[in-house]
Amino acid sequence: MIPGVSFADAEHSFEDADYVIMGVPFDRTTSFRAGCRDGPHAVRKASYNFEMHLFEHGHDIGDLKVHDMGDLEDHVQVDHMVESAYIETSRIVDAGKFPITIGGEHSVTIPAVKAFGDGISVISVDAHTDFRQEYMGLGNSHACVMRRCADQVGEGNVAVIGARSISKEEEDAGLPFFVDSFSILDHGIEQAIDKVLDHIGNDRVYLTVDIDGVDPAFAPGTGTPEPFGITPYDVKKLMGAIGERMVGFDVVEVSPPYDNGSTAALAARLIREAMAVSRKE
Ligand code: MN
Ligand code: MN
């Protein structure tokens with residue numbers, strides 16, 4: 001692990017912490033435009049913007065025990081990143097702590113979910129379903145994340161919220177359970193949350209937020225901006241609905257070279273929200 005500037009208020013040791021943050025600055029399978037390797041640094045910097053007190057939750061982030069492990073070392077091959085991130089996340093999960101991964105591209109979710117075995121459900125906020133068997137010859141590509149999660153926990157335990165960019169080829173190959181962003185814009189996030197929570201079978205939920213799931217007006221700093229997205233407040237409501245069922249969280253695909261600061265700030269705030277709603281204290 002490579003130490004650096006810590007996430008705000010992450011002042012506890014690994015041993016004492018209930019939440020453990022890890023950055024994975026990896027973007028080598030990124031297809032459109034790279035840059036999310038700088039995500040962990042930008043999100044940590046943005047985390048210093050916020051008050052410790054989350055008044056709507058009635059408690060202080062400062063009361064939670066948080067450790068920041070720093071960044072995973074650089075890897076050229078995605079399979080090596082997956083192996084090494086799996087070892088680190090397993091350390092966190094096996095110690096009964098809540099892992100929070102900052103990407104990096106979406107492939108960083110694969111090892112984080114793998115660390116839990118098959119007893120969880122995985123909900124993804126994403127403009128894409130990421131359900132390809134392989135992409136450009138790589139099974140651990142960012143475009144295959146939900147397929148790899150389904151391999152592990154079963155298709156009945158994966159769901160995507162906010163999808164809106166799906167190729168004919170993907171459609172023909174079979175899609176995961178998803179609620180598209182158009183129906184969310186038409187009918188509200190609540191019905192989407194109900195559908196998704198009805199679909200999944202396991203009580204414990206891992207939430208992954210590919211920031212391109214949020215509309216680019218709110219989150220322009222990402223590799224594949226896709227119009228007609230959901231709002232940051234939709235994501236907040238989803239997180240509130242999952243609440244204490246949430247056992248792990250990541251936010252991925254934040255690409256600082258394309259950001260005006262809003263995207264990194266949103267990602268940092270979502271990390272704080274994940275801690276607030278899951279309430280391990
Ligand atoms: Mn994705
Ligand atoms: Mn995406």
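Residues numbered from 1 in each chain as written. Chains lettered and ligands numbered in written order. Predicted model: local features only at pLDDT ≥ 70, side-chain atom pairs only at ≥ 80, totals over all residues. Heavy atoms only, no water.

**Thoughts on the pattern of salt bridges**
Using the criterion set out here, one finds 16 salt bridges in the structure. Note that Arg 272 and Asp 9 form a salt bridge whose closest N and O atoms lie 3.3 Å from each other. Separated by 263 residues along the polypeptide, Arg 272 in helix H9 (residues 262-278) and Asp 9 in the segment before strand S1 (19-24) bring together distant segments of the chain. For Arg 272, a relative accessible area of 0% translates into the label buried. The closest approach of N and O atoms between Lys 237 and Glu 190, which form a salt bridge, is 3.0 Å. Of this pair, Lys 237 sits in helix H8 (residues 232-242) while Glu 190 sits in helix H7 (residues 189-199), and the two are 47 residues apart along the sequence. Given the relative accessible area of 32%, Lys 237 is considered partly exposed. Here the salt bridges share partners, and the residues they tie into one network are Glu 56, Lys 236, Arg 269 and Glu 273. (Salt bridge = Lys/Arg side-chain N within 4 Å of Asp/Glu carboxyl O. Helix = DSSP H or I, 4+ residues; strand = E, 2+ residues; numbered from the N terminus. Buried < 20%, exposed > 50% of the residue type's maximum accessible area, 1.4 Å probe, protein only.)

**Topic: a nonpolar patch on the surface**
On the surface, a cluster of nonpolar side chains totalling about 320 Å² of accessible area is made up of Phe 182, Leu 185 and Phe 228. Checked against the element boundaries, Leu 185 lands in helix H6 (residues 181-187). Judged by relative accessible area, Leu 185 falls into the partly exposed class, the value being 45%. (Patch = residues over 30% accessible without salt bridge, like charges linked within 9 Å, V, L, I, M, F, W, Y side chains within 5 Å. Areas by Shrake-Rupley, 256 points an atom, 1.4 Å probe, with all protein chains shown as cover.)

**A few points about the coordination of the manganese ion (ligand 2)**
At this site the manganese ion (ligand 2) is bound by Asp 126 (OD), His 128 (ND1), Asp 210 (OD), Asp 212 (OD) and Asp 212 (OD), with donor distances of 2.2 to 2.4 Å. One chain supplies every donor to the manganese ion (ligand 2), and in sequence these donors are spaced D-x1-H-x81-D-x1-D. Separating the manganese ion (ligand 2) from the manganese ion (ligand 1) is a distance of 3.3 Å, and Asp 126 supplies a donor atom to each of them. Taken as a pair, Asp 126 in the loop between strand S6 (121-125) and helix H4 (145-153) and Asp 212 in the loop between strand S9 (205-210) and H8 lie far apart in primary sequence, 86 residues in all. The buried category is assigned to Asp 126, whose relative accessible area is 0%. (Donors = N, O, S within 2.8 Å, 3.2 Å for Na, K, Ca; no water.)

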